[in-house]
Amino acid sequence: MVVIGKVAVIGGGSTYTPELVDGFIVHRDEVQVKEVALHDIDPQRLEVVGGLVERMVRHAELPTRITRTTDRAAALDGAAFVISQIRVGGMAARIRDEHIPLAYGVVGQETTGPGGTLKAWRTIPVVLEIARDVERLAPDAWFINFTNPSGIITETLLKHTSLKAVGLCNNPINFTRLVAGLFGVPDEAVFLEWVGLNHVNWIRRVYVEGRDVSADLMAKVREGLPFYPFDADLVEALGVFPTWYLQYYYYPDRKVAEMRAAGKTRGEVVTEVERDLLRKYADPSLVVKPPELSQRGGALYSEAAVRLILSLVLDRRDVQVVDTRNGGAIPDLPADGVVEVPCVVGAHGVTPLRMGPLPETVRPLCQTVKAWEAWTVEAGVTGSHRAALMAMVTNPLVRSVDLARVLLEEMLEANREYLPQFF
Ligand code: G6P
């Protein structure tokens, strides 16, 4: 069993924090954390969420100390791991990111399209400030980024700071578990040739216990896989399996129609879920992660985090899908950009496997979205209006220059208070 000194959680008042702490409880035989330092700018959230995780830890009889603070430096000081899970502007900003594009017939979503662009721009100045503190107070810490859009934020950190940053998403582990369930094997028996970017990825081949089961999975897609939103003819044409978020790129018209018909945006739904969750969290008799937390999209997030932490600390050198600098892993994407691919994870950090060129059926979309990400990072860091326009125009969900200008003007203005780099 390995002992870790301090894990600092920035955005510790998030309703997801009990999920993370549950991961430390579940993996108690492998890892023990001496202190989990929760930082948040909202003292009330900190009290409610911190209170629950303290009870969880006590109930599980873990020796872990849970500390709470609104002083970021205090939380970061001496941390071995920093986990970032912030949401600049809160759910209100997410809801605006969803509504404004939708009014123009464009997908309104928190990590793709114009919504993802603005979420990145609100987040980048704050994340760079946090990074400066980490460079000063915990320069050897591993920085695990969950903050969305995860790939873009990780790329910002790797291009503009000296942090040992790794980006993480729960989609790879979710897909692994889906395949494991379909084939009746444990997660460890599944290997996915996962290629692309965060929220823009495809599975080239699916292996179970070393056997290529891609054709069997294809047969299951043809029969109709629950929760898999892609038509069999599309998957067949691509020759690879698109994952969840690609529905926004392959079916933008359907998604816009669905979003309009839903009446409520996802952010509005999540606001209600969070209200109920926080009410539950405040109940002093609650001592475990409540099942209602599974209504959020971040299922298995704790598993992904704990597996990554364990391999970094124990030098396991196993393979995990994370977000890291491309290098030459995918030769048809920029070397300095971030990709989401299987990586060897050990005490040295993460080394991406050389996945080779993208299949030609997906290369154009992946390259275009990568260009959007790079412009988004540049604009988010510099506040350049030219880079901002290039980001909007390059995004496959926008394309039109006239529309890009209108969206930019309205969305920058709506986010003015969070965009010091632009105003
Ligand atoms: C998935 C994505 C995450 C995202 C989450 C949204 O898990 O991989 O990047 O944060 O869904 O969940 P929510 O409950 O906020 O809609």
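Residues numbered from 1 in each chain as written. Predicted model: local features only at pLDDT ≥ 70, side-chain atom pairs only at ≥ 80, totals over all residues. Heavy atoms only, no water.

### Structural notes on the pairing of strand β8 (residues 200-208)
Stage number 1. The element β8 is extensively covered by neighbouring structure, given that seven of its nine residues are classed as buried.
Stage number 2. Sheet analysis places strand β7 (residues 190-197) next to β8, joined by seven bridges and oriented antiparallel. When the sheet's bridge partners are listed, Leu192 is paired in β8 with Val206.
Stage number 3. Counting the residues that bridge the hairpin from β7 to β8 gives two residues, and of these His199 lies at a positive phi of roughly 65°.
Stage number 4. In terms of strand pairing, β8 meets strand β10 (residues 241-242) through two bridges, oriented antiparallel. From the neighbouring strand, Trp202 faces β10, where its bridge partner is Pro242.
Stage number 5. The pairing of β8 with strand β9 (residues 211-212) spans two bridges and is antiparallel. Residue pairing across strands places Tyr207 opposite Asp212, the latter belonging to β9.
Stage number 6. Here β8 folds back onto β9 in antiparallel fashion, the turn holding two residues, of which Glu209 has a positive phi close to 50°. (Buried < 20%, exposed > 50% of the residue type's maximum accessible area, 1.4 Å probe, protein only. Helix = DSSP H or I, 4+ residues; strand = E, 2+ residues; numbered from the N terminus. Pairing = 2+ DSSP bridges.)

### As for helix α8 (residues 214-223)
Stage number 1. Within α8, the full set of buried residues consists of Ser214, Leu217, Met218 and Val221. Take α8 and look down its axis: the buried residues cluster within an arc of 105°, on one side only. Exposed and facing more than 90 degrees away from the buried side of α8 are Ala215 and Glu223.
Stage number 2. Looking at the buried residues of α8, the elements they touch are α7 (171-183), β8, β9, α9 (232-238) and β10. (Arc of directions from axis to C-beta. Contact = heavy atoms within 4.5 Å.)

### Side note on the packing of aromatic side chains
Stage number 1. Tallied over the full model, the rule gives 10 aromatic pairs.
Stage number 2. Ring centres of Trp121 and Phe422 lie 5.0 Å apart, and the angle between their planes is 55°; this geometry places the pair in the tilted category. Here Trp121, found in helix α5 (residues 113-137), pairs with Phe422, found in the segment after α16 (401-414); they are 301 residues apart in sequence, far enough to count as distant.
Stage number 3. Judged by its relative accessible area of 8%, Phe422 is buried.
Stage number 4. Taken together, a centroid distance of 4.1 Å and an interplanar angle of 85° make the contact between Phe146 and Tyr301 edge-to-face. In this pair, Phe146 is assigned in the loop between β5 (142-145) and α6 (150-160) and Tyr301 in helix α13 (residues 301-314), connecting sequence segments 155 residues apart. The same class applies to Phe146 and to Tyr301, which are both buried.
Stage number 5. Of the aromatic side chains, those joined through ring pairs into one cluster are Phe175, Trp194, Tyr228, Phe230, Tyr250 and Tyr251.
Stage number 6. The ring of Trp142 carries the charged tip of Lys164 above its face, separated from the ring centre by 4.4 Å.
Stage number 7. A cation sits over an aromatic face here: Arg254 above Tyr251, 3.7 Å from the ring centre. (Phe/Tyr/Trp six-rings, centres within 6.5 Å; stacked < 30°, edge-to-face > 60°. Lys NZ or Arg CZ within 6 Å of the ring centre and 35° of its normal.)

### Points about the site of the ligand
Stage number 1. Close contacts around the ligand come from 14 residues, with Arg94, Asn170, Arg266, Arg296 and Gly297 the closest.
Stage number 2. The contact in question runs from an oxygen atom of the ligand to an N or O atom on the side chain of Asn171, over 3.4 Å.
Stage number 3. In isolation the ligand has 390 Å² of accessible area, and contact with the protein removes 88% of it.
Stage number 4. A breakdown of the residues in the shell around the ligand according to their chemical character gives four nonpolar, six polar and four charged. (Near = heavy atom within 4 Å. Polar contact = N/O pair within 3.5 Å; in protein donor to acceptor, adjacent residues only side chain to side chain. Areas by Shrake-Rupley, 256 points an atom, 1.4 Å probe, with all protein chains shown as cover. Nonpolar A, V, L, I, M, F, W, Y, C, P; charged D, E, K, R; others polar.)

### Remarks on the nonpolar core
Stage number 1. In terms of nonpolar packing, the biggest core is built from 142 residues, with Phe24, Trp121, Trp202 and Phe241 touching the most fellow members.
Stage number 2. With nine residues, the single largest contributor to this core is α5.
Stage number 3. Split by domain, the residues of this core number at least three in each of domain 1 (2-167) and domain 2 (363-418).
Stage number 4. Every residue in contact with Phe241, bar those within four places of it in the chain, is listed here: Asn201, Trp202, Ile203, Val206, Ser214, Leu217, Met218, Val221, Tyr228 and Val235. (Core = buried A, V, L, I, M, F, W, Y, C linked by side-chain atoms within 4.5 Å. Domains from an automatic or database assignment.)

### What about the domain arrangement of the protein chain?
Stage number 1. When its domains are assigned, the protein chain resolves into domain 1 (2-167) and domain 2 (363-418).
Stage number 2. One C-alpha centre belongs to domain 1, the other to domain 2, and the line joining them spans 25 Å.
Stage number 3. Taken residue by residue, the interface counts 29 residues in domain 1 and 25 residues in domain 2.
Stage number 4. Summing both sides of the interface, domain 1 and domain 2 together bury roughly 2,300 Å²; the carbon and sulfur share of this comes to 74%.
Stage number 5. Here Glu155 and Lys370 are joined by a salt bridge, their closest N and O atoms 2.6 Å apart.
Stage number 6. Our count for the contact surface shared by domain 1 and domain 2 stands at five residue pairs in polar contact (both at pLDDT 80 or more).
Stage number 7. Where the side of domain 1 that touches domain 2 is concerned, the elements lending two or more residues are α4 (90-103), α5 and α6.
Stage number 8. The element that contributes the greatest number of residues to the side of domain 1 that touches domain 2 is α5, accounting for 12 residues. (Buried area = accessible area lost by both parts, 1.4 Å probe. Salt bridge = Lys/Arg side-chain N within 4 Å of Asp/Glu carboxyl O.)

### Considerations on unusual backbone geometry
Stage number 1. In this structure, the amide linkage connecting Asn148 to the following residue, Pro149, adopts the cis form with an omega of -10°.
Stage number 2. Of note in this structure, His199 is not a glycine but carries a positive phi near 65°.
Stage number 3. For His199, a relative accessible area of 5% corresponds to the buried category.
Stage number 4. Unlike most non-glycine residues, Asp315 shows phi in positive territory, near 55°.
Stage number 5. Its place among the elements puts Asp315 in the loop between α13 and β11 (318-325).

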